[in-house]
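Secondary and tertiary structure notes
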Amino acid sequence: MDFTNAPVYLTVKDFSVSGEEFTLLLNEEFQLLKTHPQPLAENLGRYYESDDYISHTDGKRSLFEKLYHVIKQKALKDKINLVTGFKPGKGSLLDIGSGTGDFLVAAKNAGWSITGIEPSEKARSIAKQKGVVFAEATATLPDNSFDAITMWHVLEHVPDVEKQVAELKRIVKPGGVIVIAVPNFKSFDAKHYGTHWAAYDVPRHLWHFSKTAIVKLFAAQGMEVVKVLPMFFDSFYVSLLSEKYKTGKMNFIKGFWLGLRSNIEAARTKEYSSHIYIIKTAKTRNKAI
């Protein structure tokens, strides 16, 4: 993808760690945003050095974190049911960006053979105590290794998104399923909060997707998005954080209202705060997204 002379879509701030500003460049063909400048690989880790980076901790210090973990338990069950619904025979499952491992533990308990990939040593250490087995990187895995591959809010973090998509195709088994969850910058809450939208999360989020972007990225590798599903809870979580970034305080009532309003708007536009994409390697059917 070419971002040469790409227009600036927004200038946004890292509210959670550095306070630095970054621009979002728009590839108009793909409807994909790129964080600019992207930190060098050796510097990227420092932008994750925060106790508030919730996916790398099992912390329950505040009401917000406790609420997050309550919702997380419901979401885990829904994720397992979703993946199993598309691969009822189960088999081998790879979760890339597995954090503290709760999804993989739930998958193992449901009968899957599990493997994780997680760059954070802190999160990986917590997950290992729960019995999660890790691979070092996708490059160490043989071709056609997994019946299912999941990336729950991870694709936006990878430095080379086209290379990552090609790797997914390489390691998934023929007839396997890939499940991708990412924020949607065309949602109502994204437009409402603008530069304060928490799901931009620069520079940890290096890419910002639309439905068009996901369809085109995977089609370029001969894969097909066969279903798009909403993540209803994300609009509430993101709106609460966005309120904090905008006003300096956690306004639960307003955050909840904006999250609800985003879902109501999305029922009409089909542009939810985050989407789950079900992707197959073979073009099994044509379906309008």
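Right, let's walk through the structure included here. Each residue is numbered by its place in its chain's sequence as written, counting from 1. The predicted nature of this model means local features are confined to residues of pLDDT at least 70 and side-chain atom pairs, given and counted, to a pLDDT of 80 or more, with totals for whole chains, interfaces and linings taken over all residues. Water and hydrogen atoms play no part in the side-chain values, which are based on all heavy atoms of the structure.

Concerning the side chain of Lys-87
- In this text, helices come from DSSP runs of H or I with a minimum length of four residues, and strands from runs of E with a minimum of two, each type numbered from the N-terminal end. With respect to the helices and strands, Lys-87 occurs in the loop between helix H2 (63-86) and strand E4 (92-96).
- Accessibility here uses a 1.4 Å probe with only protein chains present; expressed as a share of the type maximum, an area under 20% marks a residue as buried, one over 50% as exposed, and anything in between as partly exposed. We count Lys and Arg on the positive side and Asp and Glu on the negative side, and we leave His and both chain ends out. A pair is scored as a salt bridge if a Lys or Arg side-chain nitrogen falls within 4 Å of a carboxyl oxygen belonging to Asp or Glu. Although Lys-87 lies buried, it forms no salt bridge, and the closest oppositely charged side chain, Asp-147, sits 4.5 Å away as judged by the N-O distance.
- Aside from chain neighbours lying at most four places away, what touches Lys-87 is Trp-112, Asp-147, Gly-175, Gly-176 and Val-177. Residue contacts are counted whenever heavy atoms from the two residues lie within 4.5 Å of one another.

Regarding the sheet that holds strand E6 (residues 146-152)
- We treat two strands as partners when DSSP finds at least two bridges between them. Taken in spatial order, the six strands line up as E5-E4-E6-E7-E10-E9 in an open sheet, and their pairing is mixed. One side of each edge strand has no neighbouring strand; the edge strands of this open sheet are strand E5 (113-117) and strand E9 (224-230). Across this sheet, the average inter-strand angle for adjacent strands is 20°, counted without regard to direction.
- As defined by bridge partners, E4 adjoins E5 across five bridges and the pair is classed as parallel. Within E5, the residue paired with Leu-94 across the bridge is Thr-115.
- Angles shown run from 0 to 180 degrees and are taken between the N-to-C directions of axes, each axis being a line fitted to C-alpha atoms and, for helices, limited to the stretch in contact. In the packing of helix H7 (residues 211-219) onto the sheet, the strands contacted are strand E7 (172-183), E9 and strand E10 (274-280), and the crossing angle to E10 comes to about 20°.

A look at the pattern of salt bridges
- For the structure on display, the rule yields nine salt bridges.
- For Arg-170, the salt bridge is made with Glu-167, and the minimal N-O distance between the two is 2.6 Å. Of this pair, Arg-170 and Glu-167 both sit in helix H5 (residues 161-171), three residues apart, roughly one helical turn.
- Residue Glu-167 is classed as buried on the basis of its relative accessible area of 15%.

Here's the deal with a nonpolar patch on the surface
- There is a patch of nonpolar side chains on the surface, built from Phe-256, Trp-257, Leu-260 and Ile-264 and spanning about 420 Å² of accessible area.
- Relative to the assigned elements, Phe-256 resides in helix H9 (residues 252-269). Every patch collects residues that have over 30% relative accessible area and no salt bridge, joining them within 9 Å if they carry like charges and within 5 Å if they are nonpolar side chains (Val, Leu, Ile, Met, Phe, Trp, Tyr). What sets the accessible areas is the Shrake-Rupley method with a 1.4 Å probe; for residues, cover comes only from the shown protein chains.

Considering the packing of helix H8 (residues 232-247) against H9
- Between H8 and H9, the shortest axis-to-axis distance is 8 Å and the interhelical angle comes to 140°. Judged on the interaxial angle alone, H9 and H8 are oblique. When you trace H8 past H9, the crossing you get is right-handed. Between H8 and H9, the contacting residues are Phe-232, Ser-235, Phe-236, Ser-239, Leu-240 and Glu-243 on the first element and Phe-252, Lys-254, Gly-255, Phe-256, Leu-258, Gly-259, Leu-260, Ser-262 and Asn-263 on the second.
- Residues are grouped as follows: nonpolar covers Ala, Val, Leu, Ile, Met, Phe, Trp, Tyr, Cys and Pro; charged covers Asp, Glu, Lys and Arg; every other residue, Gly included, is treated as polar. By residue class, the composition of the contact of H8 with H9 is seven nonpolar, six polar and two charged. When an angle is under 35 degrees it counts as roughly parallel; over 145 it counts as roughly antiparallel; between 65 and 115 it counts as roughly perpendicular; any other value is oblique. Crossing handedness: left-handed means the near helix sits turned counterclockwise from the far one by under a right angle, and right-handed means the same turn made clockwise.

Purely geometric stuff here, so don't read any function into it on its own.
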